[in-house]
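Observations on the three-dimensional arrangement
Spelled out from the first residue to the last, the chains are:
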Amino acid sequence: MSRSAPKPFSSLTKKEESKATEKTSSSVAFPPMSAAASTPFGAFSNNEESKATQKTSSGAAFPPISAAASKNLFSTKSSSGRVFPPMPMAAAAPKSFGAFSQKEDSKATEKTSSSAGFPPMFTESLSYHAPLVLTTGIPPNSLTMPPASCDMSENCVICHEQLLINPSVALTHCVHVFHKCCIEQAMKAKPQCPVCRIPVGAPQGKSPSGTMKVSIISTSCFGFQESSSLAISYNITSGNQMSYHENPALSHAGKYVMAYLPNNSGGGDLLKRLAYAFMHGLTFSVGTSVTTGKKNQCTWASIHHKTSTHGGVRKHGYPDPNYVVNCNSELDSLRVPPAHALNYNGTECNHG
């Protein structure tokens, strides 16, 4: 005998109607509705329909449901096997930076980097290899022939004798003219033009070999509105001291230290200059530790760093509103080029 067709919904008794409503609701994961709620939606008055529509969380025109029944609203398959689209859900909260997978972490770092103007490649390490000896004197490419307009009857500003009595040269960058022997001797004392004080040649410090790596962390430097910081990790390896250190051939200790900059334009510009300083051996030296009194240690040179994101000046941290300005002044005195002339890896820009 064939199965009888289901009765029209309108011809069911109240008891049958209630059961059918519960069965239908549960089969699509909707909670049972009250008798009043089983009224066809089109039969609502305008006022009732408006209220019912306003009460739905998704904005869809379904009759209101109880809060307790909201647990079952995420089923997507009915008892008949028909698949329904999932109910709309609130957007998931963003992951914290430390919770990303390595692949996601890399993408997030690139996105953060690009938003602050930092290329993603800058998260790679910069390696500095200490030279066996420090070069002294004036670089050969810093000298040229005096210009034709130069009056050779004038005096050399170093020895105060006429230029024409001895071979003379001009500095490439500023074209000031001196006796060759005079300017070479002057450069051994201070590598800058005696007239305009423009630096001549690249600076070179006494740092041991090591690496510098920069990353972006989700901790802010106290006192700055940015929610992230630039974290610099320096890793100086232990080894033997060079001829220009206090105790040549003796071993020196290594050093691992973190430093922090605000993740903004000022911090980014300072980062370029710190990278240049590191790649020219200006960041560290070898000597006696001020804090422990131990000899043959890797020590800071003359460039101040913030080794904490908080704690204030006394703890070498933030807030310190004058730090960026003061650090740039220290770099100026070491003849580090301005930020606009540098790349993020510490090399000078090639402007063609």
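Going by the structure above, here's the rest.
As a starting point, this report considers the structure included with it. This one's a predicted model, so the numbers in the text were calculated from it and none came from an experiment.

1. Observations regarding the sheet that holds strand E3 (residues 168-171)
In space, the three strands of this open sheet follow the order E2-E3-E4, with antiparallel pairing throughout. Taken across any chain shown, the strands that pair with only one partner, and hence form the sheet edges, are strand E2 (143-144) and strand E4 (177-179). Sheet topology places E3 next to E4; three bridges connect them, and they run antiparallel. Of the residues in E4, the one forming a bridge with Ala 170 is Val 177. Set on the sheet, helix H4 (residues 180-189) makes contact with E2, E3 and E4; between it and E4 the angle comes to about 95 degrees.

2. Notes on unusual backbone geometry
Of the consecutive residues Tyr 318 and Pro 319, the connecting peptide bond is found in the cis state with omega at 5 degrees. Within the secondary structure, Pro 319 is located in the loop between strand E11 (297-300) and helix H6 (323-333). Backbone geometry places His 160, a non-glycine residue, at a positive phi of 65 degrees. Relative to the helices and strands, His 160 is located in the loop between E2 and E3. Of note in this structure, His 316 is not a glycine but carries a positive phi near 55 degrees. Within the fold, His 316 resides in the loop between E11 and H6.

3. Overview of the sheet that holds strand E5 (residues 210-217)
Spatially, four strands are ordered E1-E5-E6-E9 in an open sheet, and the strand pairing comes out antiparallel. Each of the sheet's edge strands pairs with one partner strand only, and the pair in question is strand E1 (126-128) and strand E9 (255-262). Averaged over all pairs of adjacent strands, the angle between their axes in this sheet comes to 20 degrees, without regard to strand direction. Against the sheet, helix H5 (residues 265-279) makes contact with E1, E5, strand E6 (229-236) and E9, and its axis sits at roughly 10 degrees relative to E6, the strand it touches most.

4. Side note on the pattern of salt bridges
Per the stated rule, a full pass over the model turns up three salt bridges. We note a salt bridge from Glu 184 to Lys 180, for which the minimum N-O separation is 2.6 Å. Taken as a pair, Glu 184 and Lys 180 lie in helix H4 at a separation of four residues, close to a single helical turn. Two residues, Asp 332 and Arg 273, come together in a salt bridge whose shortest N-O distance is 2.7 Å. Here Arg 273 lies in helix H5 and Asp 332 lies in helix H6, a separation of 59 residues in the sequence.

5. Some points on the nonpolar core
Counting residues in each nonpolar core, the largest one holds 35 residues, and the members touching the most others are Met 212, Ile 232, Tyr 234, Leu 261, Leu 270, Leu 274 and Leu 331. When contributions to this core are tallied by element, the ones reaching two or more residues are E1, E5, E6, E9, H5 and H6. Ranked by residues supplied to this core, first place goes to H5 with seven residues. What Tyr 234 contacts, discounting residues up to four positions off in sequence, is Thr 211, Met 212, Lys 255, Tyr 256, Val 257, Ala 259, Leu 274, Phe 278, Thr 283, Phe 284, Trp 300 and His 305. Listed in part, the 16 residues of the second largest apolar core include Cys 150, Val 169, Leu 171 and Cys 193.

6. Considering the packing of H5 against H6
For the pair H5 and H6, interaxial distance at closest approach is 11 Å and the crossing angle is 30 degrees. Between H5 and H6, the angle is such that the two are roughly parallel. For the pair H5 and H6, the sense of crossing is left-handed. Touching Gly 266, Leu 270, Arg 273, Leu 274 and Ala 277 of H5 are Tyr 323, Val 324, Cys 327, Asn 328, Leu 331 and Asp 332, all from H6.

7. Focus: a nonpolar patch on the surface
On the surface, a cluster of nonpolar side chains totalling about 210 Å² of accessible area is made up of Val 157, Ile 158 and Val 195. Tracing the backbone shows Val 195 in the loop between H4 and E5. Since its relative accessible area comes to 42%, Val 195 is described here as partly exposed.

8. A look at the pairing of E6
In terms of residue burial, E6 counts as a mostly covered element, since seven of its eight residues are buried. In the sheet, E5 pairs with E6 via eight bridges, with the strands oriented antiparallel. Each bridged residue has a counterpart across the sheet, and for Ser 215 the counterpart in E6 is Ala 231. Two elements, E6 and E9, share eight bridges in a ladder whose sense is antiparallel. The partner of Ile 232 across the bridge, within E9, is Ala 259.

Rules and cut-offs
- Residues numbered from 1 in each chain as written.
- Predicted model: local features only at pLDDT ≥ 70, side-chain atom pairs only at ≥ 80, totals over all residues.
- Heavy atoms only, no water.
- Pairing = 2+ DSSP bridges.
- Helix = DSSP H or I, 4+ residues; strand = E, 2+ residues; numbered from the N terminus.
- Contact = heavy atoms within 4.5 Å.
- Axes fitted to C-alpha atoms, helices over the stretch in contact; angles between N-to-C directions.
- Salt bridge = Lys/Arg side-chain N within 4 Å of Asp/Glu carboxyl O.
- Core = buried A, V, L, I, M, F, W, Y, C linked by side-chain atoms within 4.5 Å.
- Buried < 20%, exposed > 50% of the residue type's maximum accessible area, 1.4 Å probe, protein only.
- Parallel < 35°, antiparallel > 145°, perpendicular 65-115°, else oblique.
- Left-handed = near helix turned anticlockwise from the far one by under 90°.
- Patch = residues over 30% accessible without salt bridge, like charges linked within 9 Å, V, L, I, M, F, W, Y side chains within 5 Å.
- Areas by Shrake-Rupley, 256 points an atom, 1.4 Å probe, with all protein chains shown as cover.

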